[in-house]
Amino acid sequence: MAEPSRRSRWYFGGLASAGAACCTHPLDLLKVHLQTQEEAKMRMTRMAVHVVRNDGFLALYNGLSASLCRQLTYSLTRFAIYETARDLVMRKDKKPLPFYQKVAIAALGGCCGGFVGAPADLVNVRMQNDMKLPVELRRNYKHAVDGIYRVVCEEGLRNLFSGSSMAASRGIIVTVGQLSCYDQAKQLVLNTGLFRDNVFTHFLSSFIAGGCATVLCQPFDVLKTRLMNSKGEYRGVLHCVIDTAKLGPQAFYKGFFPASIRLVPHTILTFVFLEQLRSHFGLISIG
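The structure displayed is predicted, hence computed values, not measured ones. (Residues numbered from 1 in each chain as written. Predicted model: local features only at pLDDT ≥ 70, side-chain atom pairs only at ≥ 80, totals over all residues. Heavy atoms only, no water.)

Draft legend 1. How the structure looks around the overall build of the protein chain. Per the secondary structure count, the protein chain includes eleven helices and two strands. Overall, the protein chain shows an N-to-C arrangement of helices and strands of β-α-α-α-α-α-α-α-α-α-α-α-β. Against the compact-globule benchmark of 19 Å for 287 residues, the protein chain has a radius of gyration of 19 Å, which places it among compact chains. The dimensions of the protein chain, computed from C-alpha atoms along their principal axes, are 65 × 35 × 35 Å. Taken across its 287 residues, the protein chain has 49% of its residues classed as buried. (Helix = DSSP H or I, 4+ residues; strand = E, 2+ residues; numbered from the N terminus. Rg over C-alpha atoms; globule rule 2.2 N^0.38 Å. Buried < 20%, exposed > 50% of the residue type's maximum accessible area, 1.4 Å probe, protein only.)

So this is what it looks like as structure tokens:
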């Protein structure tokens, strides 16, 4: 007798992403440092050595609380919307969704998730980049909640959502690259008949999705980081785009290699964790 199929609970995506963030946070921190340096002279390995030598090994985990807060807002929202909407449509139509419908649902989830997660994302970028600033200019947030509270008190509620339009745009791109591409890749891999629905299939599908997401979202990621880390020098997104473009087209892909090293493993771990949560604790599908 075949085992009953299971589907995710609405919060599984947030938990899986938070678990992945705990593993990949040092890579995310190095990516932010590479994107915000004025002259692209340090490579990832050299930057890692520089951070550890100057601030200690634990400095690689600066801003971890903000990163977890971001995953439990941004990723939880986008996964909840995407998987809930996808499962509802699939149960109604009794067949897999075409790719364009997956993209549309992922775009909606990514937009909502990017906006909801913008405050934690802003604090995350600032905490990761704090060690690069002179001591007298460091913000020294104790943790994510302290950072959000201080931004509201010192800069106003509006500044808490600084760069939220860019975060929402990036959320759309990365969610399309991750969620819809993962589902499509998994469907295509299983349809070959050569693979079963197991960890290897989850790994292969998420590897493909991670590559797609990195290529699509890197320019948005660079702009978002610059906007969130700014001290008022940009008048808006367009000004940031123009200023970045002055450095050449390659400026939009600054830190691409560390971004792929961070995003691809993060995508793989997220979906491997998600599939394990689903298979062991998911809701049993009826009919």
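Now that the structure has been shown, we can carry on.
Draft legend 2. Up close: the pattern of salt bridges. Within this structure, the stated rule accounts for ten salt bridges. Among the ionic pairs, Arg278 bridges to Glu83, the shortest N-O distance being 2.9 Å. Separated by 195 residues along the polypeptide, Arg278 in helix α11 (residues 256–281) and Glu83 in helix α3 (residues 64–93) bring together distant segments of the chain. Pair check on accessibility: Arg278 and Glu83 agree, each one buried. Through salt bridges that share partners, Glu83, Arg86, Asp87, Asp183, Lys186, Asp197, Glu275 and Arg278 make up one connected network. (Salt bridge = Lys/Arg side-chain N within 4 Å of Asp/Glu carboxyl O.)

Draft legend 3. Spatial organisation of the UniProt feature "repeat: Solcar" (unreviewed entry) in the protein chain. Here the UniProt feature "repeat: Solcar" (unreviewed entry) sits at residues 8–88, 101–188 and 197–280. Segment residues 101–188 splits into 78% helix and 0% strand. End C-alpha atoms: 16 Å apart. Note that residues 197–280 is 77% helix and 0% strand, and that its end C-alpha atoms are spaced 14 Å apart. (UniProt positions renumbered as here; feature names shortened; annotations may be inferred.)

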